[in-house]
Amino acid sequence: MAEKPQSGTLFGVPYNFERPSLKRLVSAYWKPGDDMLVEKPFGIGYTLNLANWRSWVVLAVAGVMLYLERGGSSEEFDSESEDEPVEVVVD
């Protein structure tokens, strides 16, 4: 029985199931000359290149969105939710 390849591409998406080493992990996430997305050191698809400034912008935006979703200010919604009668017109 032939062995299946541990890395390659499938429909243009890279995959790599070789056992990752620490050196390979660090070098996969920090590639100064490459684009924002680089191949994952283990698994399927792409990941962010932390040597590229655009990746840090993406991480900052994701962090702000997570902060606002979890514990951001909800004061604007609290003022509208007071117990006032609401008029509903049905035609």
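What you see is a predicted model; the values in this text were computed from it and never measured.

Engineer: Describe the packing of aromatic side chains, and please don't skip the residues or the numbers.
Structural biologist: What the rule picks out here adds up to two aromatic pairs. Seen from their ring centres, Tyr-15 and Phe-17 are 6.0 Å apart, and the 35° between their planes marks the pair as tilted. What makes Phe-17 partly exposed here is its relative accessible area of 41%. Taking 6.1 Å as the distance between ring centres and 85° as the angle between the ring planes, the aromatic pair formed by Phe-17 and Phe-42 counts as edge-to-face. With Phe-17 in the loop between strand 2 (13–16) and helix 1 (22–29) and Phe-42 in the loop between strand 3 (37–39) and strand 4 (43–44), the pair connects residues that are 25 residues apart, well separated along the chain. One aromatic cluster is present, formed by Tyr-15, Phe-17 and Phe-42 through successive ring pairs.

Engineer: Provide a residue-level description of the side chain of Asn-52, including the pertinent values.
Structural biologist: By secondary structure assignment, the location of Asn-52 is in the loop between strand 5 (46–48) and helix 2 (53–71). Residue Asn-52 is classed as buried on the basis of its relative accessible area of 7%. The contact partners of Asn-52, leaving out residues within four places of it in the chain, are Asp-34, Asp-35 and Met-36.

Engineer: For the sheet that holds strand 4, give the residues involved together with the corresponding values.
Structural biologist: With antiparallel pairing, the three strands of this open sheet are ordered in space as 1-2-4. Either end of the sheet is taken by a strand with one partner, and the two such strands are strand 1 (7–10) and strand 4. Here strand 1 pairs with strand 2 via four bridges, running antiparallel. Of the residues in strand 2, the one forming a bridge with Ser-7 is Asn-16.

Quick notes on the rules
Residues numbered from 1 in each chain as written. Predicted model: local features only at pLDDT ≥ 70, side-chain atom pairs only at ≥ 80, totals over all residues. Heavy atoms only, no water. Phe/Tyr/Trp six-rings, centres within 6.5 Å; stacked < 30°, edge-to-face > 60°. Buried < 20%, exposed > 50% of the residue type's maximum accessible area, 1.4 Å probe, protein only. Helix = DSSP H or I, 4+ residues; strand = E, 2+ residues; numbered from the N terminus. Contact = heavy atoms within 4.5 Å. Pairing = 2+ DSSP bridges.

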